[in-house]
Every structure is written in C-alpha cells, then in structure tokens.
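Spelled out from the first residue to the last, the chains are:
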There are 4 protein chains.
Amino acid sequence: MSHTESPTRASPSSNVRAAVVGATGYTGAEMLRILYQHPRVRLGSVCGHSKAGLRVADVLPHFAGILDQEIESIDAQRLAREHDAIFCCLPHGAGAQLVADLHASGRTVFDLSADFRLRDTSVYRNWYGDHPASALVPQATYGLVELYRERLRSAQLVAVPGCYPTAAIVGLAPLLDAGLIKPLDIVIDAKSGASGAGRTLREGSLFAEVDSGIRSYKLAGTHRHTPEIEQALSDIAQERVTVTFSPHLTPMTRGILSTSYALWSKEITADLCTEAARSFYADAPLITVLDPEKHPDTNSVRGTSRSMVSYHVDKRVGRVVTVASIDNLLKGAASQALQAFNVRFGFPEEYGLTSLGPWP
Amino acid sequence: MSHTESPTRASPSSNVRAAVVGATGYTGAEMLRILYQHPRVRLGSVCGHSKAGLRVADVLPHFAGILDQEIESIDAQRLAREHDAIFCCLPHGAGAQLVADLHASGRTVFDLSADFRLRDTSVYRNWYGDHPASALVPQATYGLVELYRERLRSAQLVAVPGCYPTAAIVGLAPLLDAGLIKPLDIVIDAKSGASGAGRTLREGSLFAEVDSGIRSYKLAGTHRHTPEIEQALSDIAQERVTVTFSPHLTPMTRGILSTSYALWSKEITADLCTEAARSFYADAPLITVLDPEKHPDTNSVRGTSRSMVSYHVDKRVGRVVTVASIDNLLKGAASQALQAFNVRFGFPEEYGLTSLGPWP
Amino acid sequence: MSHTESPTRASPSSNVRAAVVGATGYTGAEMLRILYQHPRVRLGSVCGHSKAGLRVADVLPHFAGILDQEIESIDAQRLAREHDAIFCCLPHGAGAQLVADLHASGRTVFDLSADFRLRDTSVYRNWYGDHPASALVPQATYGLVELYRERLRSAQLVAVPGCYPTAAIVGLAPLLDAGLIKPLDIVIDAKSGASGAGRTLREGSLFAEVDSGIRSYKLAGTHRHTPEIEQALSDIAQERVTVTFSPHLTPMTRGILSTSYALWSKEITADLCTEAARSFYADAPLITVLDPEKHPDTNSVRGTSRSMVSYHVDKRVGRVVTVASIDNLLKGAASQALQAFNVRFGFPEEYGLTSLGPWP
Amino acid sequence: MSHTESPTRASPSSNVRAAVVGATGYTGAEMLRILYQHPRVRLGSVCGHSKAGLRVADVLPHFAGILDQEIESIDAQRLAREHDAIFCCLPHGAGAQLVADLHASGRTVFDLSADFRLRDTSVYRNWYGDHPASALVPQATYGLVELYRERLRSAQLVAVPGCYPTAAIVGLAPLLDAGLIKPLDIVIDAKSGASGAGRTLREGSLFAEVDSGIRSYKLAGTHRHTPEIEQALSDIAQERVTVTFSPHLTPMTRGILSTSYALWSKEITADLCTEAARSFYADAPLITVLDPEKHPDTNSVRGTSRSMVSYHVDKRVGRVVTVASIDNLLKGAASQALQAFNVRFGFPEEYGLTSLGPWP
C-alpha cells in the first residue's frame, strides 16, 4: 500500500537520536509528538526552561499515559553528547547561543526560531535587533524543503521557516518560477489560528478575546515575516520581489490560510497556473494542488503535514489569486522541521508525516 | 446623557407601524429584535413562508417569554393595509413581486435582498438572472445611509446594501472621495461569519464543517457582491472603479472584517487617511475611525449597529490598507435597514441603534 | 409598548451617581456597559488598579468612540464623595477594605466578590481563608433579587451572588419552596463559558487550550461556590440542603447551563414542576419558565439579563431534572448587581435590563 | 520503541480486505481514514447512497490528493464477494437487511448503528420501533472491547457501541465491577460535540445555532442510549442498574465528556477508586486512568482512539464522581469498530490505533 511507512524496520541501533528544546510550548508539543511517532527516531531529552523538573504529562496533558519522562533543564554538553539531531523550539534570540554550541559540537540543529532565516544580518537587525550569533548565519540552510531540498541534504544548521512565510511561499513560488506574475506589488492576506501566538500569556490570547471574532494586526509591512517572505520569493524569481503582507488573528486554534494577489505578467488562465504548480510540485509528496473550482480549507490539513493550494484568475483585472492552507504548527513549524530532518538523514521526505488528519 | 434615546416619548398613535416578511431567518430575526426594541415603532405582522402558523418563540428561541405572536403567511393586501413600513427579508427573486405590490400601495418598503441594489438591470441579469421586477429598479434608493443620506429622506423603496459591500464601501469611500487612492486595481479580502450564509440547510454550513477552519470561496471576481461594490465606489470616485473581491468563511457566527488594498495616488501617511475619513464621517454617528495603530475587531462591533475602520500605509510599496468591521446581520443587514428607516421617517439616524454590544 | 423603558425621563439631577471599581476585567466591562446605558444612572468614576491612567477604550476596545474617560486609581474618599452607589468588581479579599470604607461613608455598595455572600465567617474561612472584614458580614444582603427582593429595598451592602450559584438556585428554588424534591442528595452539573475565569492570565484560559474541548475541574464538593449554593437553598427549603456541585469549562465565552438532579419527594410530573416554578416566579420579569418539552440554551440568554429554566421528570427512577441558563457576566454578575440596584433605588427591577440579546 | 506498529510487515496477500458502507457521513469518514491507514487492511469498496458516483475527495475534502476512488452504490453481493470485513455506518434501520445478507454470506460485519446493540428486541421496539432483523440479534456481540474482549475473538456480527454509552460505561464499569457504588440511582451527565448529530441537515446543527452556546436535549430518561447503557452496566454489576442519562450539545465538533454520579456502597476514597480502575484496565492499552487531582479533557483525546477517566469522591455526601473523555467519532464509533476488528482478526487490539492526536 502506497501510504504505508518503511517496509523494513531498521534495527534500533540505527535510529537517529533526537532531542527537543523548548518542548512545552505549542510548537514544541507538536515536535515532541511527531518525533515520538517517527519510526526511525529515538527520542532522547525533552528540555525546557521554566518547566524543567515537571513531567511531560503535567504540562502537556495529552501525553498522560504515553510519555512520562521528566522535562530536563537545558544542558548543551549533554544534548550534544547524547543526540544526533536537536530541534530547538525557543523564541528568537533565546536559543542562538545553544544553537552555536551544538553546531560547534558537530550536531545537526533544526532551529525553529527566526534567528537563522534571514541571510542578511542587517535586515535581521532592522526587524529583530542585534543578531545573537551572526557568524553562524552563513552556515544556515533555509528549511523549506520543496524549494531548498538539495541544499538540505548536507545541512548542519537548518533554519526552519516561519509559519506565515511557508503558506505564502508555497502558493506563490510556482507562479514566480514560471514567470506568470509580476514580482512587484504582491498582496498577501493571511489568516492564522491563535496557536500561532504561542503559549505566552497575554490578554489578547485569552479564549474570551479571540473567540467569535477576527482582527488584523501588524498591517502594511510591519510584521517581521515580511522580509523572510521577500527573501525566498526573490530567490525563486531571481529578481527583487516586494509584498504587502497582512496577518489576521482568526478564531480557531490551528491553521493558516494565505490568500495572495498578484498581477499577471501576460494573459493566463487558472488552469495554466494549476498546471504550472503541479509541474513545480511534481516531486513534492506533501503538497496538493487543487483544481481551480476547489478551495483549500484549513480544516482539510489540520493535524497533517500537508499543504493544499489553488489558483484562480480574475481576468477582468488581470490578477491571479492563489490560496494556500497549512497547519501552522506542523507544515508551518514542527513537521517542516521533521521533513527537513528526513532529507538531511536520508529518509524519504514524507517519512512519518503522511498521517491524515481527523475530519471534521 | 448623549447616549440616551429620545427625551420625549411620542404618543402611541404617532408610532410607525412596521412588519417583517421573512422573519425566521437570521436577518429576519435581527430585524424583528431591533424593530421590537425601537421606541417609535409598533411591530405588526411577522410573516414567513414555511413556518407560518408557528409561534415566533418556536422558531426563534430567544423570544420565549417575550414575543408570542403567530407567524403569519404573507398577504400583500393586509401588509399594505395595516403597516406604514415593510421590511422584506426574503432571498433575491423571492420577494420582488411582493415589493412591487407594496410599493404600488404607497407603502415604504425596505428590501434586504439584492433585487434592487444594482441600477443596471443588465448587470443584474449577468449575476442573478432575469430581473423579477425591472420596472421598479429606477425607483429604488441604495440604503447605505452614510453615502446616500439625502436621497433616503424621501425614498419609497430602499435597497438595503449587502453585507460585504457595506464593509468594503465604508472603509474605501473616504479614500476615493478624497482622491487618495487609485480607482483601479483595488483588492478586497473579506472574512465573514457563518450567519452570512443564512439559515439555509447545506452541509457546508453545519457546525462540524465550519468550526475551527477558514476557507475561501467564489474567488477572483465571481461573487455577486462584486458589481454592487463597484457601483457604489464608482459613485463616490466619480469614475469607474474595479475591484478584486475575495470572500472567506470564518469560524464565527457574526461579523465581517474587510481588508482592502489600494495603491496611493500620491505619497500619503496613515494619519492623513485617518483625518480624511474622520472628516468624511463627521456626521456619521455609527462609524468610528480608529487611530492607525489600532485595528478593528469584529468582536468590538458584534451585536451593534456600528462600524469601526482604520487606515494604514505601506510606504515601501505605496499602498494603503484599510480595515473595516461590522456585524453582518446588523450594519450589514437589519440595522442598516432600520437606520435608513430612521432617515426616511424623520428620526435621528442612530435612533434605537446605539446599544453597545456585550464584550467579550 | 410593554418592553420600553420609563415613559418619563427624570431630570439629570435626579439621576443616581454610580462608580465602577475594577472596571477592566470582564465583569467590570459589563458593569460599565449596562450602567452607561441605564436611563437613570450618571456614570462617574471608572477605577482600576493596574490599568489606572489608561483610557477606557485602550483596555476595552468596544468602547472606542463611545466612552473616552480615563481609568482612575482607586480613592475611597473621592468615590464616596462623588457617588451614591459603587459597584466593586475586584477579586475576593482585594476589595473588602474599600467596601468597608465606603459603607462607613454611608454609600450603597454592590460587591461582586465572594466576600460578603456567606453569613457564617467560619465557612468563609474554610473556603477562602481569613475574612478580610468580618464585622461587616452581618450588614450584607445576598443580592439574588428573585429570592431576597424585600430585604434588598433597604440594603446598604449587597453581596452580589456568584455565577454558578445564581444558575443553580434559580432552577432549584421553586422545587424546594414547594417541597417537591428531597433536600439531600442533589447533584448540580454546571457548564460555564471561559469568561467565568476572568481576565487573569493563565495557560488554561488561552484560546488554544479552551477551544474545541470541554473539561471538568474542582469536582466532588471542592469548588468554593458549594457553600454559597447550600446556604441559599437551605434558606428556601428551611432545612439543611446538601449538594454535589461539579463545574465544567465549556468552549464558549459566555453562559452557564446548570443541570440539576434531585429525587422527588412524592410522585410528580414535569407539568406540575413547571406550574410551581411559574407561580414562584410570577413577579419575576427576568425569568422565563419554559414548557417541559423545551430546553434552555445559553445562546438564548447571551447578552441578556434573563434566565430560562425548564423542568423534566424521569419517572422510572423518581428524579426531577431542572436546567437553567444564564449569561454568567450579566445575570451571573453585572446585571444581577444592577437589578439589585434597581430594587434598592426604587426603580422597577428590570429597568434598563430588558434588552434582547443578538441571536444567533 | 513500544509505541510503534507491528515490527514485521505481512505480505500484501495476507491483508484483510475491508469495505465501508455509508462512508460519507462523519463516522464513515473516520472509518475510512483509519482503515486506510491500518497497516494490515486493504481498503476495498467505499459505498454510499446519495453520493454514489462522486469521488471521495468531492465529498470529503481532506482526502484530496490521497484517495481518489469513486463512491460505489451498495451491492451486497459484491461487498460479500470482495471483502472479508464490512463496516456499516448507516443509520439505525437503514442497514439491517444489508447486514443480514452479508452475515448470511459468512462475512464479518461491524455495524455502527443501534440495530444490534440491545439484546432484548422488545426494548429495541420501545425506543426505535419494530426491529428490522430481529432474528439476527442473538448473533451479535456488543463491541465494547474492554468489556467483551473474549467474545469478540469469534464474533461474526459486532454491534459497535453508541458514543454516549461508551463514555459512560468506560467510567462506571470499574466501580460496578468492584462493588464500590450502588447500582441504582446513577446520574450520567454527558456533553457531546456537534458531530455526534451526524451530517444530517437540520437547523439545530448549523454553525450559527451551535456556536458559543450549550444546551440540553432529550432529558430525564428519554434518550435512546439509556437502555444501552443500562444493559452493559447491568452485565458488569450482575444486577439491574438504572441511570438518569442527560445529553448536552456542546459547541465543539468532537468529543464526549461524561460525568457520572453514584452513591458509594461503603466509605471509599478517590485513590481506592483509581486503583480499582487501574486494575480493571490493566490489559486495556487505550484507556488511561488519571490521578484523582487531574481531569479528563476532550481535547486530550481528540483525534485519538483513547479514553481518559478519573475518579473523585465527595465524602460529605458519600458520592463518587467519575469523568470519562473520548472522541465520539473514534472511540465512540470508528476506532472502537476497528479495535473490535483487531481482536476479531487476531491483531493486537490497539494495532493502527495508537496515534497521538494534535494538541492543542
């Protein structure tokens, strides 16, 4: 059956030993879950700052009866000694020194923060402040597998993409690659579930203030994911791409729906865009390009490592609309990290990531 | 206190007698509620098709113990005989003959369907099919009070605007009026709650299929509200305006958030846009223009007749972003009808419509 | 029309001057909203601790363009000097000294905390710790208007009931009053929306951890509302009543649905219970007793000051089931306080509290 | 690693061929998903009534790009000829003749309707009407694996339990088995997500009418799951058990939380109950008994085949409270069917059912 995992099981000794740092946030929780279920990973240390000393199930209740180990404090030496791969789920800035230490020890690091995504440290400084480990930036590989697959095979430091950039890039990349749209003047209107704000305590993340309403924030080019999107899209277009990126907080826990608008470079149809995308993603098992009369729904990818995209053309005004849906904690974070890990360690990229999500 | 209603009560005989047709859908239910609470309205017949003969509270449970009258079948003669104003909440096409009959009887009709919104019946035909009462179209006044207030004072047939058009127009009108943006190439990305699809039974409206996910539909200029938006915006701009309008179904019951993108016509700031809008809405008591660092949230207008708008500028790319929030069943339907009624019958336009909504 | 407010407006000087302390939490926000809209209240100071100095709309976004005053720090002398009634929405313990000072100044205080609800201070100590102002306890009147209406007419200190107790008592009181059920062995299974936990920051209140799931907490007689429920029910029954009270956190912002189970004292029918309740609530304009084949839904009372109750009998096992729904922030807090205020200041108890809520 | 699936893969020819009838409802969709992912199942026909002829992904959008086969009409002969096991997800009554035909053909049938759950056809008649295939009732085995595991090893017709009964029984069974509670006078207050009502179109299931509110229905012994619960609990207790069962519709898509109340038979502690349950479930890999200070949350089992239960004692009144959480579409339907299938076909009962669900 085509959907099943590896037909031959490796001996335990050939498994890859992996650790999770920052395991008790929402991204860390998903990282932990999918590593725990990966057939060729041996889960080692589960580390955290404020919750070190507690047991996993005290902090992440769905692990009750499943995973009872203690959350360890963060110790770079032990992490390096006992693991082949470390997944770092700390906020930007907080994990950079650890990443540097682990990298120096020769371990493969998957960093889910923004620290190593921007190649130009002056751009980083504009958006995030001084870079905490700028010397390491040139060593990093941007972990959007569908675009940088070859480079990832030998990567030692993977900068796992942001959630919004993933959704935006996945939809727009095929159009830019095929030269079907103009590289300037792109609008990206993205809608994210509340888990995107993480487990940090703030009034605006309380149930009562998110439930039943939608709101915009950081509009008009002020959100930090803007330069990350432009960097990747410019790579594909091989010229400078600029975007207006607008995030919205949607009353749902998971999912990003990214609706992008671009002017066509010549008259085209939705079918042509769809074909271009199917060709572009011919070797990408986790991306589904829908027919133009269908629409991605975040519910159809929730709990999965997949992305669904669709293409539409407003011929009256010469504009292409593309929609992409992902689960922000999986393809937008944890499963993208594991997909890059698979490429790096020689497994099929979708290995351990093909589960369908519950629907409805 | 400025927020209180009329200081002097009219004698009951001077009240306006009003009826609701199509009272058992979501818009009808809100129409009923706000008419019932209006200090100068005497609620008469409550009519429906399939639920005639039942009592209001059997169909609308929140009226239990409040409003116990029977839902009547639709009888144009009795409606005309016993009422001054009739609010027709039937789907497009279904109420046109009734509207024509009531209009012929000299009654004032507020039609919440799409039938009389488009001035050009050939445009109507393209989007909805043959017009059911085309001769009446020139008699109708588009009921977006903030834009067409003067004409509404003597209107006999009010075409109450659609929910999406209201949100889009409220945000963009001041910019077009002031010539701050280019009239072509506007993108409108709108997010609506599920009540916008009405009480019609379909799988895609079931809780399990709407909850926790967001999806697009009728993209790239295929939604029927597109020409309505363009008609009103062209009126303001006094030149042809074209838009790409994209609706999204959001997991919430009420609210529309409309995020619009336009190229500036010359270099401007968010403050300038905000001032222009405050000037434009100086006499509009139900519209609040927020400071640029704030963002409309549909939760802040839920259950109210208000709209909140804000303006933002992405100066890197020369684009203005405006966001508007409304309650789709109120400012997007029922309260907009009642606001037009207030203008038509000589009350302050916000009369009976100033209640704050529950928050959170 | 019976639903409208006072036909004659008082002169402004006859209005009651009211202040809100602790205005920026969820209960405080609703207190503010309904006081602001009450026709005979002149809203004075809006006070808070941590947010003093900010403007109301900075903290409560739905007041943007409506109420722009500054949040003041808490000053007992000024509060007493400038107001007739003070609504204190601080957590238990935190406001007791202020309440004592205001009471000593002769002002009427409505305290929404638990501090003055329990008549027996030793019971208070068991559940909350040492009482912060025990000498004042005998001066307090429990503010559940439907049960203690007469005492409230002259109350100087009103202990506004808890949200869970209100829902439980409203449903069970008629049955105990009429002797239809046994006073022991009552089970109360209550489901509350997340706003019941307040605006306090904690992981368990974040959207992502409340959304889409239901959970119990503080089961088996460990929740602090247990003695409050038993005190009021024992008053009605005129004998000791014991209950097993079980709260549940439900994925909705507002509402409590309280399902109670009691053994009948003799064979009865649901109709008989319904009649007994209608008789008991004959003079209670804010309570609707439904027919037995109907069920209260928190959606039907959301945003209102009403309660709906229903009665059902499982004759196979001799048990009465009663269900009551309220909006926890209104009838469970703010509107209950204002209802008691109305009684205290000589207005009809439902004055300013009859608005219907938006539905759906 | 203990959590992984079978270390040795069977040859394809040894896979069990399975079909799903009624695949396009919510239970059918989950049945399809977990069969598709089961390592030893070869998915054959996917059948439906009204949607026959469409493709799976047209009706179940999460299968886009995954499962593209056509939905077939229901043909008993072909089903029997090409499959070893048939999972029938039709409503009660609708599939009984098909079940009888397939059973006569020697196929193993897992019927997810209520038709074969009640051993006493006169009880069935009282609650559902005349039995459509009463002769087959004695052949059926009730599929609650944790209680009837041995009988299921040779079952040819499995009556898969209802969702509410599963949650109620899982919590109460250990207490009755150990004689810790009295068998009469048990109260079961259950809260279900909206998917429990299925994909049938009705106003009460629309998003706008379920969202943000909770309501009871079919109270006081009128819900059809009452006799099913009593039958299974009486089996365990070996004496007649009676319950008052009260279902509630909760604003979430999935999950049942069942809170049950019983009088203790002698003085006991929560720890004792917990130990009894752990002993009772010592061989049940899919049930987790939590410590008494913890509480099951439906979110912790959503998307999984697991159940979490906890035990609490209100010693003031001598009552045991037990809470159980399940995913109503999995342990309450589809995964329970597959768990029974595993037992019947000689696989470990948790085979293919150990995936952790996404959290949050």
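Note that this is a predicted model, so its numbers are computed, not measured. (Residues numbered from 1 in each chain as written. Chains lettered and ligands numbered in written order. Predicted model: local features only at pLDDT ≥ 70, side-chain atom pairs only at ≥ 80, totals over all residues. Heavy atoms only, no water.)

**Q** How should the relation of the copies chain C and chain D be read in this particular structure?
**A** To go from the first copy of the chain to the second, apply a rotation about an axis and then a shift along the same axis. By a simple turn and slide, chain C fits onto chain D: the slide is 0.0 Å along the axis, the RMSD is 0.0 Å, and the turn is 180°. Taken together, the rotation and translation relating the two chain copies correspond to the operation of a two-fold axis. Across chain C, the smallest distance between a C-alpha and the rotation axis is recorded for Pro251 of chain C, namely 3.1 Å. Interface residue correspondence from chain C to chain D reaches 100%, placing this contact among same-surface, isologous pairings. (Least-squares fit on C-alpha atoms with pLDDT ≥ 70 in both. Contact = heavy atoms within 4.5 Å.)

**Q** How should the relation of the copies chain C and chain B be read in this particular structure?
**A** Of the two same-sequence chains, chain C is brought onto chain B (RMSD 0.0 Å, axial shift 0.0 Å) by a rotation of 180°. Residue by residue, 100% of the interface of chain C is reproduced at the interface of chain B, so both copies engage with the same surface.

**Q** Is there a simple way to explain the pairing of strand S12 (residues 307-314) of chain A in this structure?
**A** All names here are of chain A. For S12, the buried fraction is high: eight of the eight residues fall into the buried class. Of the two faces of S12, the one holding Ser307, Val309, Tyr311 and Val313 and the one holding Met308, Ser310, His312 and Asp314 are both buried throughout. Where strand S11 (residues 287-289) lies against S12, three bridges are found, and the strand directions are parallel. Paired with Val289 across the two strands is Val309, which belongs to S12. Note that S12 and strand S13 (residues 319-326) share eight bridges and pair antiparallel. Looking across to S13, one finds that Asp314 is bridged to Arg319. (Buried < 20%, exposed > 50% of the residue type's maximum accessible area, 1.4 Å probe, protein only. Helix = DSSP H or I, 4+ residues; strand = E, 2+ residues; numbered from the N terminus. Pairing = 2+ DSSP bridges.)

**Q** Looking at this model, I keep getting lost on the sheet that holds S11 of chain A. Mind explaining?
**A** Across a sheet, strands are paired by hydrogen bonds formed along the backbone, either parallel or antiparallel in direction. Residue and element names in this part refer to chain A. An order of S8-S9-S7-S10-S13-S12-S11 is seen for the seven strands of this open sheet, with the pairing classed as mixed. Two strands close off the open sheet at either side, each with one partner strand: strand S8 (215-216) and S11. Sheet topology places strand S7 (residues 186-192) next to strand S10 (residues 256-263); six bridges connect them, and they run antiparallel. Looking at S10, one finds that Ala190 is bridged to Ser258. Taken strand by strand, helix H9 (residues 225-237) contacts S7 and strand S9 (243-249), and its axis lies near 130° from that of S9. (Axes fitted to C-alpha atoms, helices over the stretch in contact; angles between N-to-C directions.)

**Q** Please clarify how the sheet that holds strand S6 (residues 157-159) of chain C should be interpreted in this entry.
**A** Residues and elements named next belong to chain C. Read from one edge to the other, the open sheet built from six strands follows the order S2-S1-S3-S4-S6-S5, with strand pairing classed as parallel. Every other strand in the sheet has two partners, leaving strand S2 (41-47) and strand S5 (140-142) as the edge strands with one partner each. Strand-to-strand, the axes of this sheet are offset by a mean angle of 20°, without reference to chain direction. Pairing of strand S3 (residues 85-88) with strand S4 (residues 108-111), which is carried by four bridges, proceeds in the parallel orientation. Paired with Phe87 across the bridge in S4 is Phe110. Packed on one face of the sheet, helix H4 (residues 96-104) meets strand S1 (16-21), S3, S4 and S6 and runs near 160° to S4.

**Q** Would you mind showing me how to read the pattern of salt bridges here?
**A** Note that side chains of opposite charge can pair when their charged atoms are close. In the structure shown here, the tally under the stated rule is 92 salt bridges over all chains. Taking the shortest distance from any N to any O, the salt bridge between Glu72 of chain A and Arg78 of chain A comes out at 2.5 Å. Note on Arg78 of chain A: relative accessible area 24%, which makes it partly exposed. Note that Asp235 of chain B is salt-bridged to Arg119 of chain B, the shortest N-O span being 2.8 Å. (Salt bridge = Lys/Arg side-chain N within 4 Å of Asp/Glu carboxyl O.)

**Q** Explanation requested: the interface of chain C and chain B in the structure shown.
**A** For interface size, the figure often reported is the accessible area lost on association. Taken together, the contact between chain C and chain B spans 42 residues of the former and 42 residues of the latter. Here chain C packs against chain B, burying approximately 3600 Å² in sum over the two surfaces, 61% of which is carbon and sulfur. Counting the contacts that link chain C with chain B gives two salt bridges. For the salt bridge of Asp58 of chain B with Lys294 of chain C, the shortest nitrogen-to-oxygen distance reads 2.6 Å. Inspection of the chain C/chain B interface yields 11 residue pairs in polar contact (both at pLDDT 80 or more). Among the secondary structure elements, those contributing two or more residues to the side of chain C that touches chain B are helix H1 (26-37) and helix H2 (56-59) of chain C. When residues of the side of chain C that touches chain B are assigned to their parent elements, the largest contribution, six residues, is made by H1 of chain C. Residue composition of the side of chain C that touches chain B, grouped by class: 20 nonpolar, 13 polar and nine charged. (Buried area = accessible area lost by both parts, 1.4 Å probe. Polar contact = N/O pair within 3.5 Å; in protein donor to acceptor, adjacent residues only side chain to side chain. Nonpolar A, V, L, I, M, F, W, Y, C, P; charged D, E, K, R; others polar.)

**Q** Which parts of the structure should I look at to understand the interface of chain C and chain D?
**A** Facing 51 residues of chain C, the contacting portion of chain D comprises 51 residues. Buried area between chain C and chain D, both sides added, is near 3800 Å², and the carbon and sulfur share of it is 54%. Along the contact surface separating chain C from chain D lie eight salt bridges. Where chain C packs against chain D, one counts 28 residue pairs in polar contact (both at pLDDT 80 or more). The leading source of residues in the side of chain C that touches chain D is strand S7 (residues 186-192) of chain C, at five residues. In terms of residue class, the side of chain C that touches chain D is made up of 22 nonpolar, 15 polar and 14 charged.

**Q** Is there a simple way to explain the confidence of the model for chain A in this structure?
**A** In regions of low pLDDT, the predicted coordinates are not meant to be interpreted in detail. Residue and element names in this part refer to chain A. When the pLDDT values of chain A are averaged, the result is 95; 96% of them are 70 or greater. Within the model, the stretch residues 1-11 combines pLDDT values under 50 with 20 contacts to residues more than four positions away or in other chains. Here the predicted complex carries an ipTM of 0.95, next to a pTM of 0.96. (pLDDT = per-residue confidence, 0-100.)

**Q** Could you clarify how one ought to interpret unusual backbone geometry in this entry?
**A** A negative phi angle is the norm for most residues apart from glycine, just as the trans form is the norm for most peptide bonds. A cis geometry characterises the amide bond from Trp359 of chain A onward to Pro360 of chain A, with omega recorded as 0°. Among the structural elements, Pro360 of chain A can be located in the segment after helix H11 (334-344). Even without a glycine there, the phi angle at Ser212 of chain A is positive, about 70°. Topologically, Ser212 of chain A is positioned in the loop between helix H8 (207-210) and S8. One non-glycine residue, Asp185 of chain B, lies in the positive phi region at around 70°. Topologically, Asp185 of chain B is positioned in the loop between helix H7 (163-177) and strand S7 (186-192). Owing to a relative accessible area of 18%, Asp185 of chain B belongs among the buried residues under this scheme.

**Q** What's the story with the packing of aromatic side chains in this structure? I'm lost.
**A** The geometry of two aromatic rings is summed up by the distance between their centres and the angle between their planes. Using the criterion set out here, one finds 46 aromatic pairs over all chains in the structure. Taken together, a centroid distance of 5.0 Å and an interplanar angle of 85° make the contact between Phe280 of chain B and Tyr281 of chain B edge-to-face. Exposure remark for Tyr281 of chain B: the relative accessible area of 5% places this residue in the buried category. Ring plane angle 85° and centroid distance 5.6 Å describe the contact between Tyr142 of chain C and Tyr148 of chain C, whose orientation is recorded as edge-to-face. (Phe/Tyr/Trp six-rings, centres within 6.5 Å; stacked < 30°, edge-to-face > 60°.)

**Q** Sorry, what's going on with H11 of chain A here?
**A** Side chains of residues three or four places apart in an α-helix project in the same direction, reflecting 3.6 residues per turn. Burial runs high along H11 of chain A: 10 of the 11 residues are buried. Gly346 of chain A sits one or two positions beyond H11 of chain A and adopts a positive phi of about 85°.

**Q** What is the right way to look at H7 of chain B in this model?
**A** Residue and element names in this part refer to chain B. In this model, H7 (15 residues) spans 21 Å end to end at C-alpha, consistent with the 21 Å of a helix rising 1.5 Å per residue. Most pronounced at Ile169, the bend in H7 amounts to some 35°. Buried residues dominate H7, accounting for 14 of its 15 residues. Of the residues trailing H7, Gly179 is marked for its positive phi of about 70°. (Expected span 1.5 Å × (residues − 1). Bend = angle between axes of the 7 residues up to and from the residue.)

**Q** What is the right way to look at the state of the cysteines in this model?
**A** Structurally, a disulfide amounts to a covalent bond that connects the sulfur atoms of two cysteines. As enumerated under the stated definition, the model contains zero disulfides over all chains in all. With no disulfide of its own, Cys88 of chain B lies 6.8 Å from the sulfur of Cys89 of chain B, the closest cysteine sulfur. Unpaired in terms of disulfides, Cys163 of chain D finds its nearest cysteine sulfur in Cys89 of chain D, a separation of 13 Å. (Disulfide = S-S within 2.5 Å.)

**Q** I would appreciate a short explanation of the packing of helix H6 (residues 145-152) of chain B against helix H12 (residues 334-344) of chain B in the present structure.
**A** When two helices pack together, their arrangement is given by the angle between the helix axes and the distance between those axes. Residues and elements named next belong to chain B. Two elements in contact, H6 and H12, have axes separated by 9 Å at closest approach and are oriented at 35°. The hand of the H6/H12 crossing is right-handed. Here H6 contributes Val145, Glu146, Arg149 and Leu152 to the contact with H12, which in turn contributes Gln336, Gln339, Ala340, Val343 and Arg344. Taken together, the residues that form the contact of H6 with H12 break down as four nonpolar, two polar and three charged. (Left-handed = near helix turned anticlockwise from the far one by under 90°.)

**Q** What's the story with the side chain of Ser195 of chain B in this structure? I'm lost.
**A** On the secondary structure map, Ser195 of chain B appears in the loop between S7 and helix H8 (207-210). By relative accessible area, which is 3% here, Ser195 of chain B ends up buried. At 2.6 Å, the side chain of Ser195 of chain B and the backbone oxygen of Thr253 of chain B are in polar contact. Ignoring sequence-local partners within four residues, the contact set of Ser195 of chain B consists of Tyr26, Thr253, Arg254, Asn328 and Leu329 of chain B together with Ala208 of chain D.

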